[in-house]
Amino acid sequence: MSSLPTPPKGESYFRTLFEACGEAFIVTNAQGQAVDCNDAALALYACRRSDILGTTPLDWSPALQPDGKRSDERAAEIFSQAAAGETVCFEWENYRLGGEPLFVHVTVRHAVIDAQVCYLVVSRNISDRKKAEDALR
């Protein structure tokens, strides 16, 4: 009987996974400010890393979401749910750096890394699907 393989360890291994996952991945601090992101996030938001770091989701969002709810109130609810240990999945309207509307499906999870609270925010572009749904209506 062979032993189970052991995955590589270290920052290089996890940085490679972070970059290779294909989904836009942003890590925020406890206040919701972006502290890291992968290249897929840069492509999704059509920006540079320096454009994202230090910003919050509200910096990339309209005041109201398409359902009429205020973005700031909904974001507070989402982060509160995630802080309570829930995996929160939802659709959200954002803007790319140039102001172009962008619809994303988002998953937010709470994590503690090196004793620091953070949130893992994974986004997938659903703009084409939203346009097709609108056309069908």
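Residues numbered from 1 in each chain as written. Predicted model: local features only at pLDDT ≥ 70, side-chain atom pairs only at ≥ 80, totals over all residues. Heavy atoms only, no water.

Undergrad: Looking at this structure, how should I read empty space enclosed by the protein?
TA: Gaps left between atoms show up when a probe the size of a water molecule is rolled over them. By the definition in use, this model includes 1 cavity of 30 Å³ or more. By volume, the largest cavity is sized at about 270 Å³. Forming the boundary of the largest cavity are 20 residues, of which Ile26, Tyr45, Pro57, Asn94 and Val121 lie nearest the centre. Per-class residue counts for the lining of the largest cavity are 14 nonpolar, 6 polar and no charged. (1 Å grid on protein atoms, 1.4 Å probe; cavity = no way out; pocket = protein on both sides within 12 Å on 5 of 7 lines; lining within 4 Å. Points joined across faces, edges and corners; volume = space filled by probe spheres on them. Nonpolar A, V, L, I, M, F, W, Y, C, P; charged D, E, K, R; others polar.)

Undergrad: Please clarify how the layout of surface pockets should be interpreted in this entry.
TA: A volume near 460 Å³ is recorded for the largest pocket. Surrounding the largest pocket, 17 residues form its lining, Val27, Val35, Asp36, Ile113 and Cys118 being those nearest its centre. Those elements that place two or more of their residues in the lining of the largest pocket are α1 (11-20), β1 (24-29), β2 (34-37) and β5 (116-125). (Helix = DSSP H or I, 4+ residues; strand = E, 2+ residues; numbered from the N terminus.)

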